[in-house]
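Geometric and topological summary
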Amino acid sequence: DVYEDLIYLERNLPDHPGVYIDFGHYYNILDEPEKSCEYLLKAKEIYEESNEYKEPDQLSYDLATVYGKLGNTEKSIEYFMENYKKTDDIDALEQVYNKYVTSGKFEMAKDILQEIIKAEGTSNLSFDYFERMGDINWQMKNIKEAVKYYSLIIKPDTDQKREKARLLYYTGNSKKALKL
């Protein structure tokens, strides 16, 4: 039994953070985020107080996930950002973006979207950018702007200049669009 094995390890290795991470994962699988969070935080505390162990990068991602289950969006975002700073894992930024969108913090979502675009090495003329901006505007009930971004996806052009001109025109920069 997994639980009995974990109890045995906890008794015999009370200062080993890996035991607490395993307990955190165990309770997360059982969908008991309160207990999971408690054990993961205990592991983090041991890592911070010890020079003997190096904290795994995944721990901050695990904490972010558990805090998300607990409904604590701010803590979840904090730990996803900590994970991104340690690992440059774009998935952590994606999670932050999603948290901001679902919590209605659209301006923050737009800022994170810019970081994602930069980290991926894509541009503001990409399909992904248009789609996400369309989604954000749709959720903000800014239907006219949403339609502008969605229309750029529906009618893709092979000519990059034409696509850029269309974006400039739709965002109110018609004079710049005509110059292209």
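Throughout what follows, the structure given in this document is the object of discussion.

The next thing to look at is the environment of Tyr84. Relative to the elements of secondary structure, Tyr84 occurs in helix H5 (residues 73-87). Residue classification places Tyr84 among the buried residues on the basis of a relative accessible area of 15%. Sequence separation of Tyr84 and Ser60 is 24 residues, and the distance between their C-alpha atoms is 9.1 Å. If near-sequence neighbours (up to four positions away) are discounted, Tyr84 is found in contact with Asp89, Ile90, Ala92, Leu93, Glu115 and Ala119.

Notably, Asp31 is not glycine yet its phi reads approximately 60°, a positive angle. Residue Asp31 is classed as exposed on the basis of its relative accessible area, which comes to 54%. The phi torsion at Asp88 lies on the positive side, around 60°, for a residue other than glycine. With respect to the element layout, Asp88 can be found in the loop between H5 and helix H6 (90-102). Classification of Asp88 as exposed rests on a relative accessible area of 56%.

Further remarks concern the packing of aromatic side chains. Here the distance between the centres and the angle between the planes together describe a pair of aromatic rings. Taken as a whole and judged by the stated rule, the model has 10 aromatic pairs. With centroids separated by 6.2 Å and ring planes inclined at 20°, the aromatic side chains of Tyr20 and Tyr39 adopt a geometry described as stacked. Of this pair, Tyr20 sits in helix H2 (residues 17-29) while Tyr39 sits in helix H3 (residues 33-49), and the two are 19 residues apart along the sequence. Given the relative accessible area of 15%, Tyr39 is considered buried.

For the rest of this paragraph, the subject is a nonpolar patch on the surface. Residues Trp138, Ile143 and Val147 make up a contiguous nonpolar surface patch of about 290 Å² in total accessible area. When you line up the elements, Ile143 lands in helix H9 (residues 143-154).

The next thing to look at is the packing of helix H4 (residues 58-70) against H5. Their axes nearest at 8 Å, the elements H4 and H5 cross at an angle of 160°. Regarding the angle of H4 to H5, the classification is roughly antiparallel. The handedness of the crossing between H4 and H5 is left-handed. Contact residues: H4 offers Gln58, Ser60, Tyr61, Leu63, Ala64, Thr65, Tyr67 and Gly68, while H5 offers Lys75, Ser76, Tyr79, Phe80, Glu82, Asn83 and Lys86. Grouping the constituent residues of the contact of H4 with H5 by class yields 6 nonpolar, 6 polar and 3 charged.

Of all hydrophobic cores here, the largest spans 44 residues; its most connected members are Leu63, Val96, Tyr97, Ile112, Tyr129, Phe130 and Ile136. Beyond its immediate sequence surroundings of up to four residues, Val96 is in contact with Ile77, Phe80, Met81 and Ile112.

Another aspect to go through is helix H8 (residues 127-139). Compared with an ideal rise of 1.5 Å per residue, which puts 13 residues at 18 Å, H8 spans 18 Å between its outermost C-alpha atoms and is within 8% of the ideal. Within H8, the full set of buried residues consists of Tyr129, Phe130, Arg132, Met133, Gly134, Ile136 and Asn137. Positive phi shows up at Lys141, right after H8, with a value of about 65°.

A separate point is the pattern of salt bridges. If you walk through the whole model with that rule in mind, you get 12 salt bridges. Linking Glu82 and Lys44 is a salt bridge whose minimum nitrogen-to-oxygen distance equals 3.0 Å. Pair noted here: Glu82 is in helix H5 and Lys44 is in helix H3, with a separation of 38 residues, a long-range link. On the basis of relative accessible area, Lys44 is assigned to the buried category, the value being 8%.

About the thresholds
Residues numbered from 1 in each chain as written. Predicted model: local features only at pLDDT ≥ 70, side-chain atom pairs only at ≥ 80, totals over all residues. Heavy atoms only, no water. Helix = DSSP H or I, 4+ residues; strand = E, 2+ residues; numbered from the N terminus. Buried < 20%, exposed > 50% of the residue type's maximum accessible area, 1.4 Å probe, protein only. Contact = heavy atoms within 4.5 Å. Phe/Tyr/Trp six-rings, centres within 6.5 Å; stacked < 30°, edge-to-face > 60°. Patch = residues over 30% accessible without salt bridge, like charges linked within 9 Å, V, L, I, M, F, W, Y side chains within 5 Å. Areas by Shrake-Rupley, 256 points an atom, 1.4 Å probe, with all protein chains shown as cover. Salt bridge = Lys/Arg side-chain N within 4 Å of Asp/Glu carboxyl O. Axes fitted to C-alpha atoms, helices over the stretch in contact; angles between N-to-C directions. Parallel < 35°, antiparallel > 145°, perpendicular 65-115°, else oblique. Left-handed = near helix turned anticlockwise from the far one by under 90°. Nonpolar A, V, L, I, M, F, W, Y, C, P; charged D, E, K, R; others polar. Core = buried A, V, L, I, M, F, W, Y, C linked by side-chain atoms within 4.5 Å. Expected span 1.5 Å × (residues − 1).

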